[in-house]
Amino acid sequence: MKKTIITVVGKDKVGIIANICTYLANNRVNILDISQTIVQGYFNMMMIVDSNNSPKNFEQLATELEQIGDEIGVIIKTQHEDIFNKMHRL
């Protein structure tokens, strides 16, 4: 399974989750875990997804998600699970 970590940060507004989840569903990316919160008007979401069945490679997914973020006014970052884990080890 190719797990990927997706983080989303920005000013809260209608449609953030819908835009991202629609893109993932259209590209056969399965959401394994999701956490989101809004603090004083700022939206923050972290998702763990399985991109094993996607016809697109990691770079394509990451680039297109970043473009969606630009369009809707949030920052979307995508990382391989192993890189994410190494970066956040104590």
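Scroll up for the structure.
If you're wondering where the values come from, they're calculated on a predicted model, not measured in any experiment.

**Focus: the nonpolar core**
Here is step 1: With 17 residues, the main nonpolar core has Ile 6, Val 8, Ile 20, Leu 24 and Ile 76 as its most contacted residues.
Here is step 2: Elements with a minimum of two residues in this core: β1 (3–11), α1 (16–26), β3 (42–50), α2 (58–72) and β4 (74–80).
Here is step 3: Those residues within four positions of Ile 20 in sequence are excluded, and the remaining contacts are Val 8, Met 45, Met 47, Leu 65 and Ile 76.

**A word on the pairing of β3**
Here is step 1: In the sheet, β1 pairs with β3 via nine bridges, with the strands oriented antiparallel. When the sheet's bridge partners are listed, Thr 4 is paired in β3 with Val 49.
Here is step 2: Pairing between strand β2 (residues 30–39) and β3: nine bridges, direction antiparallel. By the bridge assignment, Ser 35 is partnered in β3 with Met 46.
Here is step 3: Hairpin geometry of β2 and β3 is characterised by an intervening segment of two residues between the two adjacent antiparallel strands and by a positive phi of about 45° at Gln 40.

**What to know about α1**
Here is step 1: Within α1 the residues assigned to the buried category are Ile 16, Ile 20, Tyr 23 and Leu 24. In a view along the axis of α1, the buried residues occupy a sector of 100°, so they form one face of it. Exposed and facing more than 90 degrees away from the buried side of α1 are Ala 25 and Asn 26.
Here is step 2: Count one or two residues on from α1 and you reach Arg 28, which has phi positive near 55°.

**Some words on unusual backbone geometry**
Here is step 1: Backbone geometry places Arg 28, a non-glycine residue, at a positive phi of 55°.
Here is step 2: Secondary-structure assignment places Arg 28 in the loop between α1 and β2.
Here is step 3: On the basis of relative accessible area, Arg 28 is assigned to the exposed category, the value being 52%.
Here is step 4: Positive phi is not limited to glycine here, since Gln 40 has a value of about 45°.
Here is step 5: Topologically, Gln 40 is positioned in the loop between β2 and β3.
Here is step 6: Judged by relative accessible area, Gln 40 falls into the exposed class, the value being 77%.

What counts as what
- Residues numbered from 1 in each chain as written.
- Predicted model: local features only at pLDDT ≥ 70, side-chain atom pairs only at ≥ 80, totals over all residues.
- Heavy atoms only, no water.
- Core = buried A, V, L, I, M, F, W, Y, C linked by side-chain atoms within 4.5 Å.
- Buried < 20%, exposed > 50% of the residue type's maximum accessible area, 1.4 Å probe, protein only.
- Helix = DSSP H or I, 4+ residues; strand = E, 2+ residues; numbered from the N terminus.
- Contact = heavy atoms within 4.5 Å.
- Pairing = 2+ DSSP bridges.
- Arc of directions from axis to C-beta.

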